[in-house]
Amino acid sequence: MKRHLISAADLTRDDAVLILDTAEEMARVADRPIKKLPTLRGRTVVNLFFEDSTRTRISFEAAAKRLSADVINFSAKGSSVSKGESLKDTALTLEAMGADAVVIRHGASGAPYRLATSGWIDGAVVNAGDGTHEHPTQALLDAFTMRRRLVGADAGTGRDLDGRRITIVGDVLHSRVARSNVHLLHTLGAEVTLVAPPTLVPIGVEQWPCEVSYDRDSVLPKSDAVMMLRVQRERMNAAFFPTEREYSRRYGLDGDRMARMPEHAIVMHPGPMNRGMEITAQVADSDRCTAVEQVANGVSTRMAVLYLLLGGNESAISPTPARTEESK
Ligand code: NCD
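Analysis parameters
- Residues numbered from 1 in each chain as written.
- Predicted model: local features only at pLDDT ≥ 70, side-chain atom pairs only at ≥ 80, totals over all residues.
- Heavy atoms only, no water.
- Phe/Tyr/Trp six-rings, centres within 6.5 Å; stacked < 30°, edge-to-face > 60°.
- Buried < 20%, exposed > 50% of the residue type's maximum accessible area, 1.4 Å probe, protein only.
- Helix = DSSP H or I, 4+ residues; strand = E, 2+ residues; numbered from the N terminus.
- Near = heavy atom within 4 Å.
- Polar contact = N/O pair within 3.5 Å; in protein donor to acceptor, adjacent residues only side chain to side chain.
- Areas by Shrake-Rupley, 256 points an atom, 1.4 Å probe, with all protein chains shown as cover.
- Nonpolar A, V, L, I, M, F, W, Y, C, P; charged D, E, K, R; others polar.
- 1 Å grid on protein atoms, 1.4 Å probe; cavity = no way out; pocket = protein on both sides within 12 Å on 5 of 7 lines; lining within 4 Å.
- Points joined across faces, edges and corners; volume = space filled by probe spheres on them.

> Even after reading the chapter, I still don't get the packing of aromatic side chains, so can you show me in this structure?
For any pair of aromatic rings, geometry is given as the distance between the ring centres together with the angle between the planes. One pass over the structure, following the stated rule, counts 3 aromatic pairs. Between Phe 241 and Tyr 247 the ring centres are 4.9 Å apart and the planes differ by 40°, which places this aromatic pair in the tilted class. The pair formed by Phe 241 and Tyr 247 is uniform in burial state, with each residue classed as buried. Ring plane angle 35° and centroid distance 5.7 Å describe the contact between Tyr 247 and Tyr 251, whose orientation is recorded as tilted. Of this pair, Tyr 247 and Tyr 251 both sit in helix α8 (residues 244-251), separated by 4 residues, roughly a single helical turn. Across the pair, Tyr 251 and Tyr 247 agree in class, each one buried. Each member of the aromatic cluster is reached from another via a ring pair, and the members are Phe 241, Tyr 247 and Tyr 251.

Given below as structure tokens:
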């Protein structure tokens, strides 16, 4: 595996499967009376968030803490960034504090890459979402959720998502989640179809390893998982569809449409959800919707990523808590 996690497209199939299998081991820690591993004791993880976040930030924080790392949370609001400090000076400050890993979310596509290749810091860089570019740990936690829900206890062969049909619906143009998912799911052998209004399909999508359809209703009955995306108004500088009502009618998911999906198929959403827009409350609250599970799985997946990037190369956890004590 590379030293940083910037893009899902950088992951080989073996890398991705190693992360997912390690995440499965990490998830088992949550079932123990003491939900903590000593693995990253003495290491420092900095969460550097230049953009708003609820799930991703607390998920990385929980993941680092469960591995016993020291965690520093930095949010641009209320820091010297609002006084005009550059990414470089912020990075040099973090380096001076001895950060072993920097988890960065930034509004500019490419900011994590810049940080990883600049030489400003020595630690591992993890992309927690950059502009409209990528969000690799979200794609990993989504794949983990699909493996668990669609394959269940038998998952872990490395070919679990082979031939599975995954449909991603909504604002693909502004979605780093969609981009990362397309790359990762393709690497894992799944068949991805994007469904979006023509105005919200990115230029150059022909080069992506997926299909594009404008006909939601013909794709849903053939899907094993349907991932609904939020309409990212904060990134829009023009009118991409006539009205919210029209968008919701043509691209949203309601109970009737969900009923046309195969019985085993799941509905996914990275959050935050706009109920009534891309998803109705009935669908969001149904057993088939994995939004809350995705959040829980995010902690295990990010534990696996931090563990592997910070040097773990054996089985992440010893078979029994007693062995864990010994290996401290
Ligand atoms: C996504 C993001 O920030 O890209 N959310 C997340 O990380 N859970 C998607 C979104 O904001 O709609």
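> Where do I start with the site of the ligand in this structure?
Every residue close to the ligand is listed here: Thr 56, Arg 105, His 135, Gln 138, Arg 176, Val 177, Arg 230, Gln 232, Pro 270, Gly 271 and Pro 272. Taking Pro 270, its main chain carries an N or O atom lying 3.0 Å from a nitrogen atom of the ligand. One nitrogen or oxygen atom from the main chain of Gly 271 is found 2.9 Å from a nitrogen atom belonging to the ligand. The fraction of the free accessible surface of the ligand (320 Å²) that becomes covered by protein chains is 94%. Of the residues assigned to the shell around the ligand, the class counts are 3 nonpolar, 5 polar and 3 charged.

> What's the story with empty space enclosed by the protein in this structure? I'm lost.
Gaps between atoms show up when a probe of the same size as a water molecule is rolled over them. What the rule picks out here adds up to 2 cavities of 30 Å³ or more. In this structure, the largest cavity encloses a volume near 50 Å³. Along its surface, the largest cavity is lined by Val 17, Leu 20, Arg 147, Gly 158, Arg 159, Asp 160, Leu 161 and Leu 188. Tallied by class, the residues present in the lining of the largest cavity amount to 4 nonpolar, 1 polar and 3 charged. In this structure, the second largest cavity encloses a volume near 40 Å³. Residue lining of the second largest cavity: Met 1, Lys 2, His 4, Leu 5, Ile 6, Ser 7, Asp 10, Leu 11 and Asp 15, and that is the complete set. Grouping the amino acids of the lining of the second largest cavity by side-chain chemistry returns 4 nonpolar, 2 polar and 3 charged.

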